Structures are given as structure tokens and as C-alpha cells.
Amino acid sequence: MAAALPPQLKQIQHHLRTGQEHEKRDPVVAYYCRLYAMQTGMKLDSKTPECRKFLVKLMDQLETMKKELGDNESISQELVGHAHIENYALKMFLYADNEDRSGRFHKNMIKSFYTASLLLDVLSVFGELSEENFQHRKYAKWKATYIHNCLKNGEVPQSGPIGMEGEEYDDEYDVEHGAASQPSQPSPHVLPRDGPGANTNFSNIQIPPGAHAPANTPAEVPHFTGEPCNPVQPVPQNIPVVDPSLLNASQQGEVRLTPEDYTRAQKYCKYAGSALQYEDVGEAIQNLQKALKLLTTGRE
């Protein structure tokens, strides 16, 4: 965005920056980052002249992008768009999580953790976050700040999920500029669901299937001038065994499929297609098998 961001809308600055970073690499991610920023900005302040002017320009930009991407199903169909953003966010999360568990702490993985949390914010444009994504967002945001602060203070971070009691992550964390400052007031979209006393022990966090560095992570390597990072070697994927009964699949007798069954089957196929965009063969196979089983038996 060329226009200066009004101070009242500071909460959306990192989402807008993420959108700008993905302008050419993944316009779908850029579009939904800006859509989230616009919707959140409207709630923050749509009345003062500078905010209204900024948000109107952002709306115009979204309309232009929507016309340019009109043939893209990730824009025209919410289900596909949700799958695209969710898969992208979790790939970035899994890359950072693998680096963390391997004891490789560096700025790229911190940025990946934090960007994953921002993209999980963006998922809220499709509705309320699932409990799993809510926990992943909270964990990723906290991990980014925790590791950043450890490195800044010359301490060795603890790998993997750890208890978070007494720790605070910072919603205004600026991973790109290597700075973290306490916000004057907490942002509503990052508060625990059960209030300040919510359990924040992530030792039992449920990591999604295939919690290893993917063949190709969507995390863009930032241009840092600090210490060089160790290159990450791709981890071979675990390909699931294909159910032999599905190899020559056909409907069993008179299977009556409901409209909801067709919708779920479509969802699995869309998820599989989105997984293949990131060369996640295992996830694609699992979703395609779910779709075949549903269509041939009427059951999941």
C-alpha cells in the first residue's frame, strides 16, 4: 500500500505487509490478507477521515484484484479459498516447527512461525477458527516471540512444545525488523478463548499430520543481513498406503448420497488439489481416499 497506515489501524500492519510480500508469489494469499485487513480495519476505525480514506483505497485495491483473479477458484469459491490459506499457513507452521524441534533457531524460522500465525488470523474471514487452528495460531505467535527474545538475550531456546505459564507473546512483534515492543492494550483477536486464566500449556498440542518440513515450504527466505542460516534439507515424505478396495472403486448397491455428501466429497477433492500445490502427496492421497470412500459407500 502506498498510502501511510493511520496509527489507529496499526493492528493490521503486519497482515498488510504479508499481503505485499505475496503480491507476485501468491496473489491469493495477498488478496485474503488484504481482505482480512480491510474487515478488521472497519471494526477498528471507519469514521475518522484518514482511516476512511485508507480503507476506501484498500477496498478499491481488493476490487481490482478480484477482477484480475476472477477465474481463480480460490477467489470465487470460499471453500477452495479456505483450503488454500489453511494449507499455506500450516505448511509454514510445519517448516518452523521442524526447525524448532531440530534445534535450528534462526530468523527465517521465527518469521515463518509469525507469518503462519498471521495467516491463521486471515482464516477468520471464512468464519470462526476451528479449535485446532486457534491453538496453532496462539502457539506460533508465542513461539516466534519466545525464540526471538531468547536469541536477543543470548539464551538457548527450548525446542518443541513447552509450558507457557508466565510467558507473554507480543502482538506487535516485528520479526522483519528484529524488534518486539509491548502493545499498549491487547488485541482482541489473540486473547485466549476462556479469558486470562485459560490453560496455556502446549505440551500436548496436536500438530497436524506430517509435522515435518515439507518438500517445498512456501516460506519466502527474507533478505537478512545478520548471521547466515544453515540450509534446510528437504525431508522425505511418508506416503500413506492406498486402500486396495478403492483401486477399482464403484458404488456399492443403491447408495443414496445427500447434498451434504456431495459437498463433503468436493471439499476433500479441493483439499487434495491444494495439497498438491505444495507437493504434499501424502495429504492429497488421504483426502482423495476419503472422497472415494464417501462416494462409493455413503460413509466416511
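Nothing here was measured: the structure is a model prediction, and the numbers come from that model.

Undergrad: Would you mind showing me how to read the environment of Lys91 here?
TA: Along the polypeptide, Lys91 turns up in helix α5 (residues 78-101). For the pair Lys91 and Ala116, spaced 25 residues apart in sequence, the C-alpha separation works out to 8.3 Å.

Undergrad: What am I meant to see in the side chain of His22 here?
TA: When you line up the elements, His22 lands in the loop between α1 (13-21) and α2 (27-44). When residues no more than four places from it in sequence are discounted, the contact partners of His22 are Pro27, Val29, Ala30 and Tyr88.

Undergrad: How do you make sense of the pattern of salt bridges when you look at a structure like this?
TA: One side chain can pair with another of opposite charge once the charged atoms of both are near each other. Counted according to the given criterion, the structure contains 8 salt bridges. A salt bridge links Asp261 to Arg264, with the shortest nitrogen-to-oxygen separation between them at 2.5 Å. Here Arg264 and Asp261 lie together in helix α8 (residues 259-277), a separation of 3 residues that amounts to about one turn. By relative accessible area, Asp261 is classed as buried at 6%. By relative accessible area, Arg264 is classed as partly exposed at 27%.

Undergrad: What exactly am I supposed to notice about helix α9 (residues 281-297) here?
TA: Residue pairs spaced three or four apart in an α-helix point in one direction, given the helix's 3.6 residues per turn. Compared with the 24 Å implied by 1.5 Å per residue over 17 residues, the 24 Å span of α9 between its first and last C-alpha is a close match. Buried within α9 we find Gly282, Ala284, Ile285, Asn287, Gln289, Ala291, Leu294, Thr296 and Thr297. Backbone geometry just after α9 places Gly298 at a positive phi near 80 degrees.

Undergrad: Teacher, can you tell me more about the nonpolar core here?
TA: Generally speaking, a soluble globular protein has its nonpolar side chains buried in company with each other. Counting residues in each nonpolar core, the largest one holds 49 residues, and the members touching the most others are Tyr31, Tyr32, Leu35, Ile85, Phe93 and Phe113. Only α2, α3 (49-68), α5, α6 (107-122) and α7 (131-152) provide two or more residues apiece to this core. Once residues lying within four places of it in the same chain are set aside, the contact partners of Leu35 are Leu62 and Val125.

Undergrad: Any chance you could explain the packing of α2 against α5 here in plain terms?
TA: Helix packing for two helices is described by the angle between their axes and how far apart those axes are. Interaxial distance between α2 and α5 falls to 10 Å at its minimum, and their mutual angle equals 100 degrees. Taken together, the axes of α2 and α5 are roughly perpendicular relative to one another. Counting all contacts with α2, which are made through Val28, Val29 and Tyr32, the residues of α5 involved are Gly81, His84, Ile85 and Tyr88.

Undergrad: Honestly, the packing of aromatic side chains in this entry has me stumped. Any pointers?
TA: How two aromatic rings sit relative to each other is set out by the distance from centre to centre and by the angle between their planes. Within this structure, the stated rule accounts for 6 aromatic pairs. An angle of 50 degrees between the planes, with centres 4.9 Å apart, marks the rings of Tyr32 and Phe126 as tilted. Here Tyr32, found in helix α2, pairs with Phe126, found in the loop between α6 and α7; they are 94 residues apart in sequence, far enough to count as distant. Exposure class is identical for Tyr32 and Phe126. Each is buried. Members of the aromatic cluster, each reached through a chain of ring pairs, are Tyr31, Tyr32 and Phe126.

Undergrad: I keep staring at the confidence of the model for the chain and nothing clicks. Help me out?
TA: In regions of low pLDDT, the predicted coordinates are not meant to be interpreted in detail. Mean pLDDT over the chain works out to 76, with 67% of the residues at or above the 70 mark. Confidence over residues 165-173 falls short of pLDDT 50; this stretch has 39 contacts with residues more than four positions distant or in other chains.

Undergrad: What should I look at first to understand the packing of α5 against α7 in this one?
TA: At a minimum axis distance of 11 Å, the contact between α5 and α7 shows a crossing angle of 45 degrees. Comparing the axis directions of α5 and α7 gives the class oblique. Both α5 and α7 take part in a crossing whose hand is left-handed. Between α5 and α7, the residues in contact are Glu86, Leu90, Phe93, Asp97 and Asp100 and Asn133, His136, Tyr139, Ala140, Lys143 and Ile147, respectively.

Undergrad: Just to check I follow, could you spell out the environment of Ala272 for this structure?
TA: When you line up the elements, Ala272 lands in helix α8. Overall, the relative accessible area of 1% leaves Ala272 in the buried class. Distance from Ala272 to Glu283, taken between C-alpha atoms, is 6.7 Å for residues 11 residues apart in sequence.

Cut-off values and rules
- Residues numbered from 1 in each chain as written.
- Predicted model: local features only at pLDDT ≥ 70, side-chain atom pairs only at ≥ 80, totals over all residues.
- Heavy atoms only, no water.
- Helix = DSSP H or I, 4+ residues; strand = E, 2+ residues; numbered from the N terminus.
- Contact = heavy atoms within 4.5 Å.
- Salt bridge = Lys/Arg side-chain N within 4 Å of Asp/Glu carboxyl O.
- Buried < 20%, exposed > 50% of the residue type's maximum accessible area, 1.4 Å probe, protein only.
- Expected span 1.5 Å × (residues − 1).
- Core = buried A, V, L, I, M, F, W, Y, C linked by side-chain atoms within 4.5 Å.
- Axes fitted to C-alpha atoms, helices over the stretch in contact; angles between N-to-C directions.
- Parallel < 35°, antiparallel > 145°, perpendicular 65-115°, else oblique.
- Phe/Tyr/Trp six-rings, centres within 6.5 Å; stacked < 30°, edge-to-face > 60°.
- pLDDT = per-residue confidence, 0-100.
- Left-handed = near helix turned anticlockwise from the far one by under 90°.

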